[in-house]
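Notes for the structure review
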Amino acid sequence: MSQTLTHKILKNHLLSGELVAGGEIGIRIDQTLTQDATGTTAFLLFEAIGIPAVKTEVSVSYIDHNMAQFGPENHNDHLYLQSISTKVGAYHSRPGNGICHQVHLERFARPGRTLLGSDSHTPTGGGMGMIAIGAGGLDVAVAMGGGAFYLPAPRVVGVELRGNLSPWVSAKDIILRLLSVLTTRGNVGGIVEYFGEGVASLDVPARATCTNMGAELGVTCSLFPSDDQTRRFLDAQGRGDHYQPLAADAGAAYDRITKKLHAEKDAATIENIKTFCTDVAVEPTAADGMTKVSFGRVVIDLSQLEPLMAAPSSPDHIVTAASQAGTRVNQVLIGSCTNSSYQDLMTASAVLKGRTVHPGVELGISPGSRQVLEMLARNGALADFVRAGARIIESACGPCIGLGFSPAEGTVSLRTFNRNFPGRSGTTGDQVYLVSPETAIAAAITGEITDARELAKRSIAYPSITLPERFDVDDSMIQKPIADYDEAGHAEVVRGSSIVKPPRGEPMHGTFDGIVTIKVGDKITTDHIMPAGALMKYRSNVPEYAKYVFNPFNEEGQPTFAKRAQEAKAAGRYAVIVAGDSYGQGSSREHAALCPMYLGVRAVIAKAVERIHQANLVNFGILPLTFASPADYDRVGPGDELVLVGSENETIDVQDVIASAQTVLVHNTTRGFIFVCNVTLAPRQRKILAAGGLLNYTREGGQ
Ligand code: MIC
Ligand code: SF4
């Protein structure tokens, strides 16, 4: 039978389960990556599991997020990560060497392999034809110890690319187009597989831009075939021996995709599905305004694409650059793991060469890796940026995670990044547009949103930057594992005082007696739950970081969420979070589950919970429930007392719910009504919850 590439790679790594969409599978993980903001917890948990050395083919610890170093916390983390990497046999990419996803693509990613990373943009590696998945740090710690990674057997979403990109249109426009069709909602459990004749013209960094921002779709990962482009990239990185051709079989069947959409509110998305998908069927609209739309595969004709942008403040709020033309821009930032490759920055610098940044614009450039920065420095492109007035930012995440370059109030910032969630830039009410390097640089020159194709009218030619024959390879900032385990195992681990052992979960027992500690709306991101930016320096100190859970919702003069949750805990009640659709979208940060758990949160009731966050909740012993009837969301309020009950309103043991219930009744004793929640958990997740979390489960010998 013809197979998708996704199934071929998964089959090669399958340890348990069957590749039938919906069921749970366990796969072998070849490579892992961690970064410093999630990595300290991941390595502390790895230590807590008690396995002396990593068992993967390659595990890399990167330093790229917390680089601001106000106070000793960040540097404490760096030294801990460097020393623990030595002790347990992981590679360690030192600060300054670049953003984890860009460096991993350059130096470690391999076709046909599996990669698990404690960062939601780990799927960047899919540009190399590998299954690369983002997960919480505890899942990555287990994988470092040789444990399987469990995921739902995926639905494979086929995305066929036809034709070639026109000048001034690039990979970012492909993924923005896909976001306009699939949106950020309702794609949990899918894997996007690109295929078709249009694929051949895209080089590996362009493919990686698409797979990177696939994270915003909420799918498990995205991947491209491994072909001549892959070989060329690996050859240029001096890793030709890692090449292996891989593709789906001719005629491979992609899954039929069904999305539940609101006939009116999602009208634009439905139109896009009709325009860009095959075999579209739209069901009649139900009484609640919802309709089911299904389709065969997505088809994007690259030659028809035009410059696009994700308007404030969601990565799926897609508009054409032309439709926003003339909007004044005060800031342009080029970088992040989405668009900071050699080609991206060379394109921007070539357009800018000999010009000066518009007087109303501040332009910031952050190269994705030390390799990119060094090559730009050597070939003069860096000097062209400097001469044009660009501010050069170090090779790290920086402004993408709100560390610096917060825009002024009421101004527009154009960024080549992947997320424009409200306030992520560090400015409340920010207006961030996500764009390609071409659209970014056009605005840097004109001072306003510009369809980059208009630059031709200013006699600016499109610079066609091709993949270099040879990248400058220098791995001296990557510390290699010590071959002699005896020597490595005795290495001293440096633990600054800000590195605090993460708390352990406890199993729940008896009646679940809860109180709604917060009620939030739709699309609550992990940035809302556990803000990053300057607060990220507390990542290795859960008691301190937990003070800021739901910080954006804390009101002056009122008790914070942390206080309310701890009060509930002191009163012997479990704190409960009530949320709308797509709860926990965005990053993989497990602190968005770990810190609430520390405060006493033991259940989340939402209309829907996003994949990585759902797994993190379970891993830290928090019960994720979904409203069987979304209308019940409106009937629950903050402060309501909720008790899980049996069919006759009798009390039940929460362990029984965890063990086998598919649904559970929730008695709102404050308002006097009972509603139904779905308990959607894989069998292994039930065991993890019963144990009070993955750490306990793993230590007790659970697989
Ligand atoms: C992000 O882009 O939000 C981050 C910061 O890279 C996170 C990881 C983290 O919170 O440390 C992610 O995407 O997973
Ligand atoms: Fe870093 Fe931004 Fe990429 Fe997250 S999305 S890994 S913060 S560059």
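Starting afresh in each chain, residues are numbered from 1 along the sequence in its written order. For this description, chains carry letters from A and ligands carry numbers from 1, given in the order in which they are written. Selection of residues for local features in this predicted model requires a pLDDT of at least 70, selection of side-chain atom pairs for listing and counting requires 80 or more, and totals for whole chains, interfaces and linings are taken over all residues. Working from all heavy atoms in the structure, the side-chain values ignore hydrogens and water.

1. With respect to the overall build of the protein
Only DSSP runs of H or I with at least four residues qualify as helices, and only runs of E with at least two residues qualify as strands; both kinds are numbered from the N terminus onward. From N to C terminus, the protein includes 22 helices and 30 strands. As defined in this context, the radius of gyration uses C-alpha atoms, and a globule is described by 2.2 Å times the residue total to the power 0.38. Here the C-alpha atoms of the protein give a radius of gyration of 24 Å, agreeing with the 27 Å that 2.2 N^0.38 yields for 703 residues. Dimensions of the protein along its principal axes, counting C-alpha atoms only, are 75 × 65 × 60 Å. In this description, contact between two residues means that some pair of their heavy atoms is separated by no more than 4.5 Å. Taking the contacts inside the protein whose residues are at least 6 apart along the sequence as the reference set, 76% of them involve residues at least 24 apart. Per-residue and other accessible areas were derived by the Shrake-Rupley procedure at a 1.4 Å probe size, with only the shown protein chains allowed to occlude residues. Total accessible area computed for the protein in this model is approximately 24,700 Å², and 49% of it derives from carbon and sulfur atoms. A residue counts as positive if it is Lys or Arg and as negative if it is Asp or Glu; His and the chain ends are not included. Where a charge sits is defined by one atom per residue type, namely NZ (Lys), CZ (Arg), CG (Asp) or CD (Glu). The average position of the 62 basic charges and that of the 72 acidic charges among the side chains of the protein differ by 1 Å.

2. Things to note about the packing of aromatic side chains
Any two aromatic rings considered together are summarised by their centre-to-centre distance and by the angle between their planes. Any two of the Phe, Tyr and Trp rings considered here, Trp counted by its six-membered ring, make a pair once their centres fall within 6.5 Å; the pair's planes then place it as stacked at under 30 degrees, edge-to-face at over 60, or tilted in between. The full count for this structure, using the stated rule, is 13 aromatic pairs. Ring centres of Phe-195 and Tyr-254 lie 4.7 Å apart, and the angle between their planes is 15°; on these two criteria the pair is classed as stacked. With a gap of 59 residues between them, Phe-195 in strand β10 (residues 190-195) and Tyr-254 in the loop between α8 (228-236) and β12 (257-262) connect regions that are remote in the sequence. Judged by centre distance (6.1 Å) and plane angle (90°), the rings of Phe-627 and Tyr-633 are edge-to-face. Tyr-633 carries the same exposure label as Phe-627, and that label is buried. Burial status follows relative accessibility: with a 1.4 Å probe on protein chains alone, a residue under 20% of its type maximum counts as buried, one over 50% as exposed, and anything between as partly exposed.

3. Comments concerning the sheet that holds strand β13 (residues 281-282)
Strand order in the open sheet made by the 3 strands is β12-β14-β13, with antiparallel pairing throughout. In the strand order of this sheet, the two ends are held by β12 and β13, each with one partner. Here, any two strands with at least 2 DSSP bridges between them count as paired. Here β12 pairs with strand β14 (residues 290-295) via 6 bridges, running antiparallel. Bridge pairing links Ile-257 to Phe-295 in β14.

4. Focus on the site of ligand 2
Every residue close to ligand 2 is listed here: His-65, His-101, Asp-119, His-121, Ser-336, Cys-337, Cys-397, Cys-400, Ile-401, Asn-418 and Arg-424. Broken down by class, the residue content of the shell around ligand 2 amounts to 4 nonpolar, 5 polar and 2 charged. Here a residue is near a molecule or strand as soon as one of its heavy atoms is found within 4 Å of it. Throughout this entry, Asp, Glu, Lys and Arg are counted as charged residues, while Ala, Val, Leu, Ile, Met, Phe, Trp, Tyr, Cys and Pro are counted as nonpolar. The remaining residues, Gly among them, count as polar.

5. What to know about the nonpolar core
Soluble, globular proteins show a tendency: their nonpolar side chains are buried together. Among buried residues, those of type Ala, Val, Leu, Ile, Met, Phe, Trp, Tyr and Cys that are joined through side-chain atoms within 4.5 Å constitute a nonpolar core. Phe-550, Phe-561, Tyr-583, Ile-605, Leu-623, Leu-644 and Phe-675 are the most contacted members of the largest nonpolar core, which has 112 residues in total. Residues within four places of Phe-561 in sequence aside, it is in contact with Thr-517, Ile-518, Val-549, Phe-550, Asn-554, Ile-577, Leu-599 and Val-601. Core analysis: the second largest hydrophobic core is formed by 61 residues, Val-103, Tyr-433, Leu-467 and Phe-471 among them.

6. A few points about the sheet that holds strand β11 (residues 221-223)
Strand order in the open sheet formed by 4 strands is β11-β10-β9-β15, and the pairing between neighbours is parallel. At either end of the open sheet lies a strand with only one pairing partner, and these are β11 and β15 (298-301). Ignoring strand direction, the axes of neighbouring strands in this sheet form an average angle of 20°. Interaxial angles span 0 to 180 degrees and are taken between N-to-C directions of axes, which are lines fitted to C-alpha atoms, for helices over the stretch in contact. Lying on the sheet, helix α6 (residues 171-182) is in contact with β9 (155-162), β10 and β15; it crosses β15 at an angle near 145°.

7. Looking at unusual backbone geometry
That bond from Pro-312 to Ser-313 is cis: its omega, -10°, falls within 30 degrees of zero. Mapping Ser-313 onto the fold places it in the loop between β16 (308-310) and β17 (318-320). Residue Gln-69 is not a glycine yet carries a positive backbone phi of 55°. Examined against the element boundaries, Gln-69 turns out to sit in the loop between β4 (58-62) and α3 (73-88). Overall, Gln-69 belongs to the partly exposed group, its relative accessible area being 35%. The residue Trp-168 is not glycine, and still its phi comes out positive at about 75°. Here Trp-168 is to be found in the loop between β9 and α6. The exposure class assigned to Trp-168 is buried, which follows from its relative accessible area of 4%.

8. Details of the site of ligand 1
Taken together, 14 residues are adjacent to ligand 1, and Asp-119, Ser-120, Arg-539, Ser-588 and Arg-589 come closest. Polar contact is defined as a pair of N or O atoms within 3.5 Å, subject to the rule that within protein one atom must be able to donate a hydrogen and the other to accept it, and that residues adjacent in sequence are counted only when both atoms are side-chain atoms. Contacts to ligand 1 include Asp-119, whose side-chain N or O atom sits 2.7 Å from an oxygen atom. Between ligand 1 and Arg-539, the relevant distance is 2.7 Å, taken from an oxygen atom to a side-chain nitrogen or oxygen of the residue. For ligand 1, whose free accessible area comes to 330 Å², the fraction covered by protein is 97%.

9. With respect to the pattern of salt bridges
For salt bridges, the criterion is a side-chain nitrogen of Lys or Arg within 4 Å of an Asp or Glu carboxyl oxygen. Applying the stated rule across the entire model yields 30 salt bridges. In this structure, Asp-266 and Arg-185 form a salt bridge, with 3.0 Å as the shortest nitrogen-oxygen distance. Pair noted here: Asp-266 is in the loop between β12 and α9 (267-276) and Arg-185 is in the loop between α6 and β10, with a separation of 81 residues, a long-range link. Owing to a relative accessible area of 24%, Arg-185 belongs among the partly exposed residues under this scheme.

10. Comments concerning the pairing of strand β19 (residues 362-365)
One ladder, built from 4 bridges, connects strand β18 (residues 331-334) with β19; its direction is parallel. Looking at the pairing, Val-332 lines up with Leu-363 of β19. By the criterion used throughout, a crossover qualifies as right-handed when its path from the first strand across the helix to the second strand runs clockwise, the strands pointing away from the viewer. Considered for its hand, the β-α-β crossover made up of β18, helix α10 (residues 342-352) and β19 is right-handed.

11. Observations concerning the packing of helix α11 (residues 370-379) against helix α12 (residues 381-388)
In helix packing, the relevant descriptors are the interaxial angle and the interaxial distance, both defined with respect to the helix axes. It is at 4 Å that the axes of α11 and α12 come closest, and there the two elements cross at 80°. Here α11 is positioned roughly perpendicular relative to α12, judged by the angle of their axes. Contacts between α11 and α12 involve Leu-373, Leu-376, Ala-377 and Asn-379 from the former and Ala-381, Leu-382 and Phe-385 from the latter. By residue class, the composition of the contact of α11 with α12 is 6 nonpolar, 1 polar and no charged. Any angle that is under 35 degrees is reported as roughly parallel, and any over 145 degrees as roughly antiparallel; angles of 65 to 115 degrees are reported as roughly perpendicular and all others as oblique.

12. Focus on the environment of Tyr-598
Residue position: Tyr-598 is located in helix α18 (residues 591-599). On the accessibility criterion, Tyr-598 (27% relative accessible area) is partly exposed. The spatial distance from the C-alpha of Tyr-598 to the C-alpha of Val-58 is 32 Å, given a sequence separation of 540 residues. Not counting chain neighbours up to four residues away, the residues in contact with Tyr-598 comprise Pro-503, Val-542, Pro-543, Ala-546, Gln-566 and Lys-569.

13. Regarding the side chain of Gln-31
Relative to the helices and strands, Gln-31 resides in strand β3 (residues 31-35). The contact partners of Gln-31, leaving out residues within four places of it in the chain, are Glu-57, Val-58, His-104, Phe-108, Ala-109, Arg-110, Thr-114, Leu-115, Leu-116 and Met-130.

14. Description of the layout of surface pockets
Grid spacing is 1 Å over the protein atoms alone, the probe is 1.4 Å, and a cavity is where that probe fits but cannot get out, while a pocket is an open set with protein on both sides within 12 Å along at least five of seven lines and lining residues have an atom within 4 Å of a point. Grid points are joined across faces, edges and corners, and a volume is the space filled by probe spheres set on the points. There is about 680 Å³ of room inside the second largest pocket. Forming the boundary of the second largest pocket are 31 residues, of which Ser-201, Asp-203, Gln-343, Ile-465 and Thr-466 lie nearest the centre. Those elements giving two or more residues to the lining of the second largest pocket turn out to be α6, α7 (204-213), α8 and α10. Classifying every residue of the lining of the second largest pocket by side-chain character gives 13 nonpolar, 12 polar and 6 charged.

Worth remembering: the numbers are spatial, not functional.
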